[in-house]
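Tertiary structure, described
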Amino acid sequence: MSDVLLKVEGLRKNFGALKVTDNVDLAVEAGEIHALIGPNGAGKTTLIHQLSGNLKSDFGKIFFDGRDISPLSMQNRVHLGLARSFQITSILDGFSVLENVAMAVQARSGSSFRFFRNASREDDINAQASAALARVQLADRAHRRAGSLSHGEKRQLEIAIALATGARLLLLDEPLAGTGHEESAVLVDLMRSLRGSHTLVLIEHDMDAVFSLADHVSVLVYGRVIASGEPAAVRAHPDVRAAYLGEEEIA
Ligand SMILES: Nc1ncnc2c1ncn2[C@@H]1O[C@H](COP(=O)(O)OP(=O)(O)OP(=O)(O)O)[C@@H](O)[C@H]1O
């Protein structure tokens, strides 16, 4: 039985005369890894901006857990559990890795904490931050300066920060961009480990990673979804093969 967490209906965004996203429908099931692929300029990043609330849509609706979130700000969407990594989070290089995550926990808890002593509140925040770091395999870096992390570790930290905001659905814009082979393998394992407990929507150009990771692939071309389904079916789709001719290798 399907359990759709994110549903998109007829979403559009024009920049002047350019239809950047054009009547996009999507259904993302809870717990799945859903990859958005498509040639350069297809509208993938714009769509992610629309989903996160960073960009207002011209038409269409977005439902998150059954609720119409189309009118909500990015901040309100984050509160509901929809977070865009690599955008809402900016790592503060001068703070420790743990402090970076603790700030996200604190931002989520806001004034809802009712502790008598500050120390117990701080302990609780640090415990939650440590749990998020353990989840992304960065526990041993907790007390390092965030600025000293490698590029791949910073991406792991960004995911920990998104988890610490209480995100149920993570929007990831090219999580593997700029990572080396080993870093990329760590991040792929990390994303795979989140399957089930979290829902991931990711844009990715690394087709090997996409087809090894994704449960569902949607293909955007000129702002339209030309195919959406299980990876094997999407890969074999003639329109998809035609769209990728001369682009990235999809086979
Ligand atoms: N703010 C903007 N104003 C005008 N045009 C824009 C704006 N943002 C994006 N575009 C245009 O919209 C189209 C889609 O851009 P978008 O970045 O969403 O594509 P993409 O699929 O993410 O591409 P890539 O894979 O290269 O990152 C492009 O032609 C781009 O030039």
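Quick look at the structure, then. Just so you know, these numbers come straight off a predicted model, no measurement behind them.

Let's shift gears to the site of the ligand. Around the ligand, the structure places Phe-15, Leu-18, Val-20, Gly-38, Asn-40, Gly-41, Ala-42, Gly-43, Lys-44, Thr-45 and Thr-46. Listing elements by their share of the shell around the ligand, those giving two or more residues are β2 (18-29) and α1 (44-52). Residue contributions to the shell around the ligand peak at 3 residues, all from α1. In terms of residue class, the shell around the ligand is made up of 4 nonpolar, 6 polar and 1 charged.

With that out of the way, let us pick up helix α5 (residues 151-164). Here α5 spans 20 Å end to end across 14 residues, near enough to the 20 Å set by a 1.5 Å rise per residue. Burial analysis of α5 places 13 of its 14 residues in the buried class, which makes it a mostly covered element. Immediately beyond the C-terminal end of α5, within one or two residues, lies Gly-166, with a positive phi of roughly 90°.

Quick look at the sheet that holds strand β3 (residues 33-37) now. The 6 strands lie next to each other as β6-β7-β8-β3-β9-β10, forming an open sheet whose pairing is mixed. Lying at the two open borders of the sheet, with one neighbouring strand each, are β6 (82-85) and β10 (224-229). Sheet twist, expressed as the mean angle between neighbouring strand axes with direction ignored, is 20°. In this structure, strand β7 (residues 169-173) lies alongside strand β8 (residues 199-203), joined through 5 bridges in parallel fashion.

Attention now moves to the sheet that holds strand β1 (residues 4-15). Strand order in the open sheet formed by 4 strands is β2-β1-β4-β5, and the pairing between neighbours is antiparallel. Strands with a single pairing partner mark the edges of an open sheet, and in this sheet they are β2 and β5 (67-68). As paired elements, strand β4 (residues 59-64) and β5 share 2 bridges and run antiparallel to each other. Opposite Phe-63, over in β5, you have Asp-68 as the bridge partner. Along the sheet, α1 makes contact with β1, β2 and β4, crossing β2 at roughly 60°.

What counts and what doesn't
Residues numbered from 1 in each chain as written. Predicted model: local features only at pLDDT ≥ 70, side-chain atom pairs only at ≥ 80, totals over all residues. Near = placed C-beta within 6 Å. Helix = DSSP H or I, 4+ residues; strand = E, 2+ residues; numbered from the N terminus. Nonpolar A, V, L, I, M, F, W, Y, C, P; charged D, E, K, R; others polar. Expected span 1.5 Å × (residues − 1). Buried ≥ 20, exposed ≤ 12 C-beta atoms within 10 Å, placed from the backbone. Pairing = 2+ DSSP bridges. Axes fitted to C-alpha atoms, helices over the stretch in contact; angles between N-to-C directions. Contact = placed C-beta atoms within 7 Å.

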